[in-house]
Amino acid sequence: MSDSVDYSVQGPVAVLRIQNPPVNALSQAVRQGLSDAMDRAEGDANVKAVLIVGDGRAFIAGADITEFGKPPKAPALPDLCTRIEGSPLLVIASMHGVSLGGGLEVALGAHYRVAQPSAVVGLPEVHLGLLPGAGGTQRLPRLVGADKAIEAITSGRQIGAAEAHEMGIIDKIEEGDPQEVGLAYAASLLAENAPRRPVSELPAAEEIDWNAAYEGVMKKGRGQISGGAGVRAVQAASELPFADGMAAERELFMEMLASDQSKGMIHAFFNERAVSNLPELKGVEPRPLKAIGVIGGGTMGAGIATAALLSKMDVVLIEMTEEQVAAARGRIEGNLSGAVKRGKISQEQYDALTTKALTVSTQYDTLSDVDLVIEAVFENMKVKKEVFGKLDVVCKAGAILASNTSYLDVDEIAAATSRPADVIGLHFFSPAHVMKLLEVVVADKTAIDVVATGFALGKRLGKISVRAGVCDGFIGNRILAVYRTVADHMVLDGASPYQIDKALVDFGFAMGPFAVADLAGLDIGWMTRKRKAPDRHPDERVPTYIDKLCEKGHFGRKTGEGYYLYEAGSRASVPNPKIPELIAAEQAELKITPRDFSDEEIVRRYMCAMVNESAKVVEEGIARRPADVDMVLLFGYGFPRFWGGPLKWADLQGLEAVLADIERFATEDAWFWKPSALLQQLVAEGRSFDDLNRAPAK
Ligand code: 3HC
Ligand code: NAI
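How each quantity is defined
Residues numbered from 1 in each chain as written. Chains lettered and ligands numbered in written order. Predicted model: local features only at pLDDT ≥ 70, side-chain atom pairs only at ≥ 80, totals over all residues. Heavy atoms only, no water. Helix = DSSP H or I, 4+ residues; strand = E, 2+ residues; numbered from the N terminus. Buried < 20%, exposed > 50% of the residue type's maximum accessible area, 1.4 Å probe, protein only. Contact = heavy atoms within 4.5 Å. Lys, Arg positive; Asp, Glu negative; His and termini not counted. Charge placed at Lys NZ, Arg CZ, Asp CG, Glu CD. Near = heavy atom within 4 Å. Polar contact = N/O pair within 3.5 Å; in protein donor to acceptor, adjacent residues only side chain to side chain. Areas by Shrake-Rupley, 256 points an atom, 1.4 Å probe, with all protein chains shown as cover. Nonpolar A, V, L, I, M, F, W, Y, C, P; charged D, E, K, R; others polar. Phe/Tyr/Trp six-rings, centres within 6.5 Å; stacked < 30°, edge-to-face > 60°. Pairing = 2+ DSSP bridges. Axes fitted to C-alpha atoms, helices over the stretch in contact; angles between N-to-C directions. Salt bridge = Lys/Arg side-chain N within 4 Å of Asp/Glu carboxyl O.

Enquirer: Before we go on, may I ask you to explain the overall build of the protein in this structure?
Expert: From N to C terminus, the protein includes 29 helices and 19 strands. The C-alpha extent of the protein, read off along each of the three principal axes, is 85 × 60 × 55 Å. Scored against the burial criterion, the 698 residues of the protein give a buried share of 55%. Of the contacts formed within the protein by residues at least 6 apart in sequence, a portion of 73% connects residues at least 24 apart. Separation of charge centres in the protein, based on 74 positive and 93 negative side chains, amounts to 3 Å.

Enquirer: What exactly am I supposed to notice about the site of ligand 1 here?
Expert: By nearness alone, 23 residues border ligand 1, and R57, A63, E105, E125 and R273 come closest of all. Contact between ligand 1 and A61: a nitrogen atom at 2.8 Å from a main-chain N or O atom of the residue. The contact in question runs from an oxygen atom of ligand 1 to an N or O atom on the side chain of E105, over 2.7 Å. Contact with the protein chains hides 71% of the accessible area of ligand 1, taken as 980 Å² for the molecule alone. Secondary-structure elements contributing two or more residues to the shell around ligand 1 are β5 (98–100), α3 (102–109) and α11 (260–274). Broken down by element, the residue count for the shell around ligand 1 peaks at three residues, all from α11. For the shell around ligand 1, a count of residues per class yields 14 nonpolar, four polar and five charged.

Enquirer: Explain the packing of aromatic side chains here, please?
Expert: Given two aromatic rings, one states the distance between the centres and the angle between the planes to describe the pair. Using the criterion set out here, one finds 17 aromatic pairs in the structure. Considering the side-chain rings of F269 and F270, the 5.1 Å spacing of their centres and the 80° angle between planes classify their relative orientation as edge-to-face. Judged by relative accessible area, F269 falls into the partly exposed class, the value being 22%. On the basis of relative accessible area, F270 is assigned to the partly exposed category, the value being 32%. Centre to centre, the rings of F642 and W643 are 6.3 Å apart; their planes meet at 50°, and the pair counts as tilted.

Enquirer: What is the right way to look at the site of ligand 2 in this model?
Expert: M300, E319, E379, K384 and S406 are the nearest of the 22 residues found near ligand 2. The separation between an oxygen atom of ligand 2 and a polar main-chain atom of M300 is 2.8 Å. The side chain of N404 places a nitrogen or oxygen atom 3.0 Å from an oxygen atom of ligand 2. Look at ligand 2: alone it shows 830 Å² of surface, and the protein chains cover 81% of it. Listing elements by their share of the shell around ligand 2, those giving two or more residues are α12 (299–310), α15 (381–394) and β15 (423–428). When its residues are assigned to classes, the shell around ligand 2 shows ten nonpolar, nine polar and three charged.

Enquirer: Explain the sheet that holds strand β16 (residues 437–441) here, please?
Expert: In sheet architecture, strand pairing relies on hydrogen bonds along the backbone and comes in two forms, parallel and antiparallel. Strand order in the open sheet formed by eight strands is β12-β11-β10-β13-β14-β15-β16-β17, with mixed pairing between adjacent strands. On the outer flanks of this sheet lie β12 (358–361) and β17 (464–468), each paired with one strand and no other. On average, each strand axis in the sheet is inclined to that of its neighbour by 25°, with strand direction left out of account. Helix α25 (residues 626–636) rests against β16 and β17 of the sheet, and its axis sits at about 135° to β16.

Enquirer: Even after reading the chapter, I still don't get the pattern of salt bridges, so can you show me in this structure?
Expert: Side-chain pairs of opposite charge can arise where the charged atoms are in close proximity. Taken as a whole and judged by the stated rule, the model has 43 salt bridges. We note a salt bridge from D506 to K502, for which the minimum N-O separation is 2.7 Å. Taken together, the residues span about one helical turn, with D506 and K502 both in helix α19 (residues 497–507) at a distance of four residues. Among the salt bridges present, the one from R687 reaches E685, with a minimum N-O distance of 3.3 Å. Among the residues examined, E685 registers a relative accessible area of 43% and is labelled partly exposed. Connected via shared salt-bridge partners are R595, E601, R605 and E668.

Enquirer: Looking at this structure, how should I read the side chain of D523?
Expert: Relative to the helices and strands, D523 resides in helix α21 (residues 522–532). For D523, the side chain forms a polar contact with the side chain of K558, separated by 3.1 Å. Ignoring any residue separated from it by four or fewer positions in sequence, one finds D523 in contact with F555 and K558.

Everything listed here is a matter of geometry and, on its own, says nothing about what the molecule does.
Here's what the structure looks like:
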């Protein structure tokens, strides 16, 4: 008998208690343990019912994701679920915490399901590029109907016990110790002579317009294929006998498991967790974090303050004038009202946050008690140094001084204080109360417990925190600058910004680079180009056509005109007819004969530029591991999750082919396309970026 499943007999009920911390994933040992325990229960003449229950914080979180990609080991999960369901004994699942994926599928193999009020169930396989592969697509539609099953399977959402009960997934909700609740339920079922009730024997789900459902899901998935496969599996449940439906599900599941998309998404699953686990922070105690200060209440300062308030921290925000104090408060209140509307906080919580927890002032000395200050003033070194000088005077000893700068040198900012060990970069993304990414920028002299506190803050705010070193733009903005540039080069050479945007949206990006530029404000790129102009290498190709639009005060979405035209009050945009004219004029001036680009070439050049710079960022130690770069792009830049990140994408393409393309592009523009030494080294050694994730270079 396996240690992972404890077997005991309580009266007429055999209790199968799964013990595989932290979340009872269905490892081979658990599957074997459950199978053996079923045999044992069936062999005991006194046992009339089986109760399956989870130890610890969950019933079962699903298949063991670490086993995916390894040779399968018996018993297979679908066989186990069928074996449980086929038992002559009455089988009951008592669920608490999460019952996800294979966990819910085990429960659906039971004849009756009881759950705690706080329990949640779901089939999240779609988030791993998969579909339920142990009967979920066959049993769920028999319980809830085709439409609801498709919604659950293709959204992967977690469903609360009350809703699951209403849908018919759970038979009963009962609060108490899950084992006691399960035993009581078993006793009552036995007392009333309740029959075995295999879900597979229920009538098949109704026919729906399967093609319409498939098309709808594929459109929503923006290139992700596993949702569509889920629809086809539910279709099989409706059209085929149960056993044939199971075979169809298996085939689709194996196809998805072998896909690049599931490899990308599984990479994302593990690394979004691993990225904040820094070995050097083990055992380092973060400094206390109760109240924080924010300097500047513009877009970013207001967003950061909102995030902190929503995470139950007191906030003191400093602005320059009373007018700006009112404007900053207005922005924060606007953000928090949005949270009330979405049901994230109550009106009472809103009132408490905006009165008791938030102070907005022009007086720096109100910061004397805060534990950490985040500066979010204008992106200007002189202004930032002045602010840090003042903070150094008013903040208590041990307070952490952080900058939200996008590009500037955090070492130089730290040098403006008498306590550089307490200075760090905390780079949030806009809108800061929504975007998940936080770059924790570690400067030369930053103390280790200050780094630990940066990560602790990120965790408290619900962010994915990634360690970055100091350079122009850190990890994300540095790479962005390069792939934006290649998009500009393609425009100069003949691709239209609209074709580029569309090709990249089709690839899976949330938005194309030119639509993003309009959203962020064209003035930002314009200012950066001006800032960098003095140090520009003569071989660097920088288009100037868009500056002509900026010079006329057109900065994109906020002014109604950029690469696209925006109608006031509408989210729709249309290409700006001035753009092709401006591009043609510049091409004529530069004597460029425009050529056609295929969508495939656009994606390839864009991705190769991104990969090459990402590799340099790892090579220079700005990012510790390739997966750190991947998580930055995923959570800060709308990179399609199903590719796992740029360096996972490169691994999946084959590094040799990626390097060969970069070298070919370098024959046209040697300045821009300098191949990364790390990429060259990996190709020479026949290794992948993922090999470095497992064994970091340093
Ligand atoms: N397999 C292997 N490890 C898992 C796991 C799983 N299914 N689920 C969680 N873990 C691991 C995590 O990697 C993490 O490990 P770490 O501590 O080494 O980083 C640890 O368990 C704790 O997880 P979290 O930090 O995520 O803990 P939370 O409490 O925040 O969340 C959770 C718990 C909601 C269960 C979340 O982990 C989760 O969503 N897990 C994945 C659930 C899932 O996708 N299940 C479907 C699997 S596919 C499947 O079942 C196929 C089947 O249909 C055939
Ligand atoms: P913003 O212009 O919207 O806000 C800056 C605010 O700082 C203004 O309200 C201004 O009144 C205030 N301010 C200026 N000097 C001050 C001082 N000495 N004391 C107190 N308040 C002062 O700018 P935004 O966009 O919020 O950016 C702020 C910082 O965040 C910049 O460093 C920027 O690079 C960075 N950042 C911006 C992102 C974005 O998408 N906007 C994303 C990530 C970082």
